[in-house]
Structure formats: structure tokens, C-alpha cells
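Next come the chains, spelled out residue by residue.
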Amino acid sequence: MAPVLSTPPEHCKVEQELFQRLNGLYEEQRQIYCQVLELSRQQGELVRKGSSLSDIRQILQKKNVCLEIIKRLELTERSAKMQWEMGKPKWSAINQANLNVTLEKVGSVIEEILLCEEKNDQEFIQQMRTM
């Protein structure tokens with residue numbers, strides 16, 4: 001009879017705790033990035049309207065606050081991320097896949113932000129040329 005390989009309960013518990021922490025981190029970051037995206041859209045609207053630089057600067061400050069929050073979140077979960085990476089070969093495929101899905105959602109929002117920011121920059125440059 002072949003030996004049955006099983007994962008010790010404490011290993012499963014550690015994996016689940018790490019997964020929940022990181023999944024929560026990435027979901028929280030996604031929500032904040034969604035706020036940044038909305039602010040970027042507002043910024044674009046202000047640029048298209050020809051609003052003052054002080055109005056645009058207020059939006060930039062709000063985006064900066066959001067990015068600082070994301071930075072702090074990253075720092076608080078740095079050890080969990082390192083622990084996850086070190087144990088990755090042992091973690092379940094389902095948890096790895098689920099975490100990847102969450103990360104892909106974050107990446108998707110970041111891509112939208114970058115596209116919006118590029119459009120905003122082009123619009124701003126165009127307006128500066130016509131002044």
C-alpha cells in the first residue's frame with residue numbers, strides 16, 4: 001500500500017491565513033486604485049473644461065493620498081508577501097490561482113489608470129499648445 005501524503009494541519013492554517021491576508025490586501029488596493037481611476041477621470045474632465053491649475057492640483061493631491069495609502073498597505077504586509085513567496089511551492093493550486101485572479105484585477109485597474117493618465121497628459125499638452 002502506497003503512503004498517503006498529507007499536509008500537516010498547521011501548514012494548511014498558515015497557508016490559509018497568508019492567503020486571506022494577501023487577498024484582502026490586494027482587494028483593498030484594487031478598491032483604492034479604483035478611486036485613483038475615478039480621480040484620473042475627474043482630472044481629465046477638468047482639463048477638457050479648461051479648469052484652473054489649482055482645481056487640477058486638488059485632484060492630484062487626492063490621488064497622491066490614495067497612493068500613499070497603498071504604499072503603507074504594501075509595507076504592512078511585506079512579511080506576509082515574503083512568506084507567501086518562500087512557501088509558494090507548497091501552497092495549494094487553488095489558493096495560488098485565486099490570488100493570481102485578484103492580482104490580475106489589480107493590474108487591470110492599474111492599466112486603466114495608465115491609459116487615462118496618458119489621455120489626460122495628451123489633452124493637457126494639446127491645451128497648452130493652443131494657449
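Rules of the game
- Residue positions within a chain follow its written sequence, with the count starting from 1.
- Where local features are concerned, this predicted model is filtered to residues with pLDDT of at least 70; where side-chain atom pairs are given and counted, the filter is 80 or more; whole-chain, interface and lining totals use all residues.
- Values shown for side chains rest on all heavy atoms present in the structure; no hydrogens or waters enter the calculation.
- Ring geometry is summarised as follows: Phe, Tyr and Trp rings, the Trp one being its six-membered ring, pair when their centres sit within 6.5 Å, and such pairs are stacked at plane angles under 30 degrees, edge-to-face over 60 and tilted between the two.
- Placement of a positive charge over a ring is assigned whenever Lys NZ or Arg CZ falls within 6 Å of the ring centre and within 35 degrees of the normal to the ring plane.
- Salt bridges, as used here, are contacts in which a Lys or Arg side-chain nitrogen is within 4 Å of a carboxyl oxygen on Asp or Glu.
- Labels follow the DSSP assignment, with helices taken as runs of H or I lasting at least four residues and strands as runs of E lasting at least two, numbered in each case from the N terminus.
- Only protein chains enter the accessibility calculation, which uses a 1.4 Å probe. A residue is then buried if its area is under 20% of the maximum for its type, exposed if over 50%, and partly exposed in between.
- To estimate how far a helix should reach, multiply one less than its number of residues by 1.5 Å.
- Polar contacts, as used here, are pairs of N or O atoms within 3.5 Å; protein pairs need one atom able to donate a hydrogen and one able to accept it. Residues neighboring in sequence count only if both atoms are side-chain atoms.
- Residue contacts follow a heavy-atom distance rule, with two residues in contact if any of their heavy atoms lie within 4.5 Å.
- Each patch is built from residues that are more than 30% exposed by relative accessible area and take part in no salt bridge. Like charges join if they lie within 9 Å; nonpolar side chains (Val, Leu, Ile, Met, Phe, Trp, Tyr) join within 5 Å.
- Computed with the Shrake-Rupley method and a 1.4 Å probe, the accessible areas treat only the protein chains shown as cover for residues.
- Disulfides are defined in this document as cysteine sulfur pairs within 2.5 Å.

**Structural notes on the packing of aromatic side chains**
Evaluation of the coordinates by the stated rule reveals one aromatic pair. If you follow K90 out to its NZ or CZ, it ends over the ring of W91, 6.0 Å from the centre.

**Some remarks on the pattern of salt bridges**
Taken as a whole and assessed by the stated rule, the structure comprises seven salt bridges. Among the salt bridges present, the one from R30 reaches E27, with a minimum N-O distance of 2.6 Å. In this pair, R30 and E27 both sit in helix α1 (residues 9-49), three residues apart, roughly one turn of the helix. Owing to a relative accessible area of 22%, R30 belongs among the partly exposed residues under this scheme. Classification of E27 as partly exposed rests on a relative accessible area of 26%. K63 is the partner of E117 in a salt bridge, and the nearest nitrogen-oxygen pair spans 2.5 Å. Linking E117 in helix α4 (residues 93-129) with K63 in helix α2 (residues 53-76), this pair joins segments that are 54 residues apart in sequence. For the pair E117 and K63, a shared accessibility class is recorded, and that class is buried.

**Details of α4**
Spanning 37 residues, α4 covers 53 Å between terminal C-alpha atoms, matching the ideal 54 Å at 1.5 Å per step. Buried within α4 are the following residues: N95, L99, T102, V106, V109, I113, C116, E117 and N120.

**With respect to the side chain of N95**
Structurally, the position occupied by N95 is in helix α4. Residue classification places N95 among the buried residues on the basis of a relative accessible area of 6%. For N95, the side chain forms a polar contact with the side chain of E15, separated by 2.9 Å. Looking at N95, its side chain comes within polar contact range of the side chain of Q16, at 3.3 Å. Apart from the residues lying within four places of it in its own chain, the contact partners of N95 are E15, Q16, F19 and W84.

**Quick look at a nonpolar patch on the surface**
Together, L53, F124, M128 and M131 make up an exposed nonpolar region whose accessible area comes to about 440 Å². Here M128 lies in helix α4. Judged by its relative accessible area of 42%, M128 is partly exposed.

**Here we look at the state of the cysteines**
All chains considered together, the criterion is met by zero disulfides. The thiol of C34 is not disulfide-bonded; the next cysteine sulfur, from C66, is found 11 Å away. Take C34: its relative accessible area is 31%, and that puts it in the partly exposed class. C116 takes part in no disulfide bond, and the closest cysteine sulfur, belonging to C34, lies 12 Å away. When its relative accessible area of 13% is taken as the criterion, C116 is described as buried.

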